[in-house]
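Coordinate analysis (summary)
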Amino acid sequence: MKKPALRRPPTRQRLLDAAARVFARDGLTGATTRAIAREAGLNEVTLFRHFQTKERLLAAVVGQNFGPGSARAQPAPIPETGDLRADLTAHARRYDRLLQENLPLIRAMIGEIHHHSDHERQVFKAILRPLREELIARLQSARAQGYLRTDASPALLADLFNGMIFTGVLRRASPHVKLEYAPAAYLAGAVDLLVRGAAP
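For clarity, every value in this text was computed on a predicted model and none was experimentally measured.

**A word on the nonpolar core**
- Counting residues in each nonpolar core, the largest one holds 27 residues, and the members touching the most others are L88, L139, L148 and F161.
- Listing elements by their share of this core, those giving two or more residues are α5 (84-111), α6 (117-144), α7 (154-173) and α8 (183-197).
- The element that contributes the greatest number of residues to this core is α5, accounting for eight residues.
- Residues contacting F161, with those up to four places away along its chain left out, are L88, H91, A92, L135, A190, V191 and L194.

Okay, structure coming up:
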């Protein structure tokens with residue numbers, strides 16, 4: 001018996017998926033429409049018929065991965081439990097996971113962001129800003145309840161905390177860095193620094 005033929009994704013989707021891989025691999029500037037078309041198993045004419053330019057293709061890739069309708073955008077908030085350490089740990093794990101899932105494309109965009117600021121803003125609005133605002137609100141609540149110093153800035157603490165998580169993800173992704181600790185220990189250490197460092 002013949003196996004049923006696997007359905008290939010529609011042409012537009014094949015181009016978007018291929019472009020995401022090539023942009024992540026070659027960078028936004030280094031990626032060519034020829035390489036993207038080849039990765040998709042299509043010709044350049046088909047790519048131009050669907051997207052006209054590489055810039056429009058990049059905008060479509062960013063929209064698919066980070067736009068308001070994407071599964072990665074606007075993740076469901078983690079409910080406040082009343083336990084600051086547990087809530088920060090849950091936030092750290094979710095932020096760490098989101099960064100890992102999107103890291104190749106985010107890293108490519110960070111490296112060339114001065115050329116593509118509109119796309120960086122879309123990523124920031126879709127993923128980074130909602131998480132930052134949620135964390136700030138949780139830290140404001142913790143400060144009001146007396147778990148943090150009254151002079152502690154929730155916005156500053158949120159940026160320091162998220163920065164630690166982002167740096168940890170980048171370090172783990174580097175093939176040249178050998179870590180002396182587990183990822184979970186790193187996240188726990190970041191939580192501990194915030195909770196103890198900002199305690200009354």
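So much for the structure itself; the text now carries on.
**Overview of the pattern of salt bridges**
- All told, the structure shown has 12 salt bridges when counted by the stated rule.
- Across the pair R21 and E39 runs a salt bridge, and its minimum N-O distance is 2.8 Å. Placement of the pair is R21 in helix α1 (residues 11-26) and E39 in helix α2 (residues 33-40), with a sequence separation of 18 residues.
- Exposure remark for R21: the relative accessible area of 42% places this residue in the partly exposed category.
- Notably, a salt bridge pairs D159 with R132, separated by 2.6 Å at the nearest N-O pair. Here R132 lies in helix α6 and D159 lies in helix α7, a separation of 27 residues in the sequence.
- Beyond isolated ion pairs, a larger network of salt bridges with shared partners links R21, R25, D26 and E39.

**Focus: the packing of aromatic side chains**
- One pass over the structure, following the stated rule, counts one aromatic pair.
- On the basis of an interplanar angle of 25° and a centroid distance of 5.9 Å, the ring pair of Y181 and Y186 is categorised as stacked.
- Its relative accessible area of 33% is what places Y181 among the partly exposed residues.

**Here we look at the packing of α2 against helix α3 (residues 44-51)**
- α3 packs onto α2 with a crossing angle of 105° between their chain directions and a minimal axis gap of 8 Å. When the interaxial angle is binned, α2 and α3 end up roughly perpendicular. Residue-level contacts link T33, R34, I36 and A37 of α2 to E44, L47 and F48 of α3.
- A class-by-class count of the residues in the contact of α2 with α3 yields four nonpolar, one polar and two charged.

**Re α7**
- Between the first and last C-alpha of α7 there are 29 Å, a value that for 20 residues agrees with the 28 Å anticipated at 1.5 Å per step.
- Among the residues of α7, those classed as buried are P154, L157, A158, F161, N162, I165, G168 and V169. Down the axis of α7, the smallest arc covering the buried residues is 120°, so these residues share one side.

**Some points on the confidence of the model for the chain**
- With 80% of its residues at a pLDDT of 70 or more, the chain shows a mean pLDDT of 84.
- α8 holds the highest mean pLDDT among the elements of the chain, 96, whereas α6 holds the lowest, 77.

**What to know about unusual backbone geometry**
- Even without being glycine, Q52 reaches a positive phi, approximately 65°.
- Looking at the element boundaries, Q52 is found in the loop between α3 and α4 (54-66).
- Residue classification places Q52 among the partly exposed residues on the basis of a relative accessible area of 42%.

**Examining the side chain of D96**
- Here D96 lies in helix α5.
- On the basis of relative accessibility, which here comes to 7%, the residue D96 falls in the buried class.
- A polar side-chain atom of D96 sits 2.4 Å from a polar atom in the side chain of Q100.
- Ignoring anything within four residues of it in the chain, the contact list for D96 reads I165, V169, R172 and L187.

Cut-offs and rules
- Residues numbered from 1 in each chain as written.
- Predicted model: local features only at pLDDT ≥ 70, side-chain atom pairs only at ≥ 80, totals over all residues.
- Heavy atoms only, no water.
- Core = buried A, V, L, I, M, F, W, Y, C linked by side-chain atoms within 4.5 Å.
- Buried < 20%, exposed > 50% of the residue type's maximum accessible area, 1.4 Å probe, protein only.
- Helix = DSSP H or I, 4+ residues; strand = E, 2+ residues; numbered from the N terminus.
- Contact = heavy atoms within 4.5 Å.
- Salt bridge = Lys/Arg side-chain N within 4 Å of Asp/Glu carboxyl O.
- Phe/Tyr/Trp six-rings, centres within 6.5 Å; stacked < 30°, edge-to-face > 60°.
- Axes fitted to C-alpha atoms, helices over the stretch in contact; angles between N-to-C directions.
- Parallel < 35°, antiparallel > 145°, perpendicular 65-115°, else oblique.
- Nonpolar A, V, L, I, M, F, W, Y, C, P; charged D, E, K, R; others polar.
- Expected span 1.5 Å × (residues − 1).
- Arc of directions from axis to C-beta.
- pLDDT = per-residue confidence, 0-100.
- Polar contact = N/O pair within 3.5 Å; in protein donor to acceptor, adjacent residues only side chain to side chain.

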